[in-house]
Amino acid sequence: MNTRTLLLPLLCALSVAAAQAPDDTTLVVAQTTDATTFDPAEIGDRASANIADHLWGTLLEITPEGEIIPYLAESYEVSDDGTELSFTLREGLTCHDGEALTAEDVAYTFQRAADPENGFTGNTPGFVLTSIGYQDARADDELTATVVMNQPNAIAPGLLAEVYIHCKDSYEAMSLEAASTNPIGSGPYRFVEWIRDDRVVLEKVEDFPLVESTFQTLVWRAIPEASTRSAELIAGNVDVVAGVSPDQQDAINNSGAATVIPVSGTRRIYVGFNFKPEFAEASDGGAAIQETAVRVALQYAVDVPTICETLLGTQCERATGLVNPPNDNPNLEPYPYDPEMAEQLLDEAGYPRGDDGVRFSLTLQSPNGRYLNDANVALAVGQYLSDIGVETTVEPMDFASVYVPLIREHDAGPLFLLGSGGGLWSALYDMTDLATPESGTNYTEWQNPEWFAGWERLAQAEGEAEQRTIINEMLEVFYNDPPWLMLYFQPDFYGVSSRLDWEPRRDEHIDVTNAALASN
Amino acid sequence: MWSYILKRIVQSVGVILGVTLITFLALHMGGDPTYLYVSERASAEEIAATRATLGFDRPLHVQYLSFLGGLVRGDLGNSLSYRTPALQVVLERFPATLELTLFAMLIAILFSIPLGVVSSLKRGTPVDGSIMMVAMFGQSIPSFWLGIMLILFVGLGLGWLPISGHVPILAPLFQGDLATAWANFPRAVPYLVMPAVSISLFSLSRNARLVRSSMLEVLSQDYVRTARAKGIPPYGVVVRHALRNAWMPVVTMLGLEFGFLLSGVVVVETIFSWPGVGRLVFNAINQRDIPLVQAAVILFSLLFVGLNLLVDLLYARLDPRVRLG
């Protein structure tokens, strides 16, 4: 082989190197990370779930507006005692291997996920099944499957909308290792290939009856670096980019090739007040925040809209509690930024400024790099508190190795910044962070008796109107005796190619089944 | 010779054991990663059960000995995030990293030697000054910054090269699919250029300076003067007499070079979305996937130690004055 034979293809390749733009039948999405598994029972991270949402169908579906609608199931019924949910499947559904999708497959999906021998820890067994108090699943007839719970659960339908339904025969025939890389779906797209840390390719299922997708091929690329994702979007090689960094918005918007669409996400960013006695004993600040009046005063000290505008690159409204709009209490107004009011309330609570101008001292712990600009937000909050005489030391920490163990053992604090995932489909879903005083997600160890009595009242409530009244009362309790210093719902930024007509969702799900080429 | 090799292998085992111990302790200093692998709503019993399943409930020394036992059997445990054998996950990504590292080494060698030789021959001239100034910049520029600049100007601005991604060459080759490897080769090279330049610039610059100083030393030797006096053309003097003898420090450096380039891939692979071991380790550290990090570190250590042994043996071949033993 002579030099020319070697160089010619190289030169050709170089000349077409930049021509990677997808054709009109292909949509390319870039996420921060690659999928970790394609076993439907093991999927637990958002990147994997976004792809999985296109591979598998679920019994019910949550719309972008938060409405729960039928999907693989055409209807469902709740038993008289509230512990059984019976789903009636649509006729004629199949899995991607051609097997008919029946109630037996639905029951198998739940039984496989719950089987301790499989050792699954994904979203379905680790979150959904534990949250609904799963007991069993059975096939009543060809098209009717029933899920049995240990007690009535008002949010069970919404939670079950996260369970990927798969066919029994194909999964019984596969080892767990094979199942993690060979997904056999039941949704609008079938699996083609997965090149780890590079791309996942899906192909449209032509006869899928529930969704009419535009694009024949979906390519999910994993591009960890934010600036590289933005460059690929501007170059036209990628159509949708998740996690655009605020500092790259102008570059993308000015490129003419794409625009950045900010959405108010459902993740609730807050500063928690830790009520553990150890914190009250350890410092004057730890003791001060045990008092409701102090915690209310601190709400007035922080200018949340300015934090959003300057540090997150978008405008946002301050949260009034732990529930995402529009399910929050409409009668509550966000605490305004009013440092004079904060100082006055602290004086009245018996915490005047000392000779050095300091009322008391606090430590605010924060992850660094877990949430959008988290450490800087914590520094800003710390400065606002210091301005009213609450001397605040901010401690940014590595999320995985240091912060997670502290949070999960309820040892972060006395102040800690955290983001907690929420939803749009039910106020109760957001409120279950504080389902009981002992809940793992009650990171502040808040013990307000009125709040926790509210759950018992909710269990007795008859009808949605009464339930809504109780929810509003509970949210008022939360507002008036705040365990959180309420901040904002984390904005998410999506870069969208100009060739595309697509609206991002608020709940971090990337659903591109409804995407189409722009008309002009 | 054989006794030397045996001695070096024994020393290498010690080095690798040391690496495993340091890695193990460093990874466990961050505490127990169980919380990252259970639901937020998991009960204390569920957390304890997961901890026991993952083996993090055992005393640290027991965990380490168990890890060493597995290492002897070639079993480095399952990746916590991928739920498959950690070594398998690492080996799947290794061909991509090897491609990048070899290509970067090629760039470093191909450019550093001529630059170093020219610089030494033009000592004290503006050419020498320019080359050394560029080399100094090359050693000062961080690879991640260079990578982002290349993406911005060469990939996005000029559109000459793809911004990110990878076309495999070695993976199909290792699977015996020569045809695919060869067919992929011309498509793969454009993807390799920017990441390889990013990680090789430091080595290229350092080696150019090394070749220059080594050449200057050799050029002042008596035998070079004799060669010139005998009327050998300048090209022959430089290539056959001077450069051949100036090789020795460069060869020594090349052994370390590979390890150095491997360490550089961690950041560069992330920037260019290169699906290699570096990016895998980066993610594994963030997710505290201890078995995966250990598997990658051990693989890198074996390579590093093995290559250094090879270089030492090569050293004796290149210079008959060197005696091993």
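What you are looking at is a predicted structure, and each value in this text was computed from that prediction instead of being measured.

Criteria and thresholds
- Residues numbered from 1 in each chain as written.
- Chains lettered and ligands numbered in written order.
- Predicted model: local features only at pLDDT ≥ 70, side-chain atom pairs only at ≥ 80, totals over all residues.
- Heavy atoms only, no water.
- Pairing = 2+ DSSP bridges.
- Helix = DSSP H or I, 4+ residues; strand = E, 2+ residues; numbered from the N terminus.
- Domains from an automatic or database assignment.
- Contact = heavy atoms within 4.5 Å.
- Buried area = accessible area lost by both parts, 1.4 Å probe.
- Salt bridge = Lys/Arg side-chain N within 4 Å of Asp/Glu carboxyl O.
- Polar contact = N/O pair within 3.5 Å; in protein donor to acceptor, adjacent residues only side chain to side chain.
- Buried < 20%, exposed > 50% of the residue type's maximum accessible area, 1.4 Å probe, protein only.

Right, let's get into the pairing of strand 6 (residues 134-139) of chain A. Residue and element names in this part refer to chain A. Both strand 6 and strand 7 (residues 144-149) contribute to a ladder of five bridges, which runs antiparallel. In the sheet register, Asp136 faces strand 7, and the bridge partner there is Val148. Hairpin connection, strand 6 to strand 7: the antiparallel pair is bridged by four residues.

All right, on to the domain arrangement of chain B then. All names here are of chain B. Under the domain assignment used here, chain B contains domain 1 (2-73) and domain 2 (86-324). Relative placement of domain 1 and domain 2: their C-alpha centres are 32 Å apart. The interface is formed by 22 residues belonging to domain 1 together with 16 residues belonging to domain 2. In this assembly, domain 1 packs against domain 2 so that about 1600 Å² is buried in total across both faces, 74% of it on carbon and sulfur atoms. By the criterion of area lost to domain 2, the three top residues of domain 1 are Tyr4, Ile16 and Leu27, representing 32% of everything that side buries. Summed over the shared surface of domain 1 and domain 2, the number is zero salt bridges. The interface formed by domain 1 and domain 2 includes two residue pairs in polar contact (both at pLDDT 80 or more). Elements supplying a minimum of two residues to the side of domain 1 that touches domain 2: helix 1 (2-29) and helix 3 (60-72).

Tallied over the entire structure, the rule returns 26 salt bridges over all chains. Among the ionic pairs, Glu92(B) bridges to Arg196(A), the shortest N-O distance being 3.8 Å. Taken together, the residues Glu92(B) in helix 4 (residues 86-121) and Arg196(A) in the loop between strand 8 (189-195) and strand 9 (199-204) connect one chain to another. The salt bridge involving Glu473(A) is made with Arg457(A); its shortest N-O contact spans 2.5 Å. Of this pair, Glu473(A) sits in helix 19 (residues 464-480) while Arg457(A) sits in helix 18 (residues 449-460), and the two are 16 residues apart along the sequence. Residue Glu473(A) is classed as partly exposed on the basis of its relative accessible area of 34%. In this structure Arg457(A) comes out as partly exposed when scored by relative accessible area, which is 38%.

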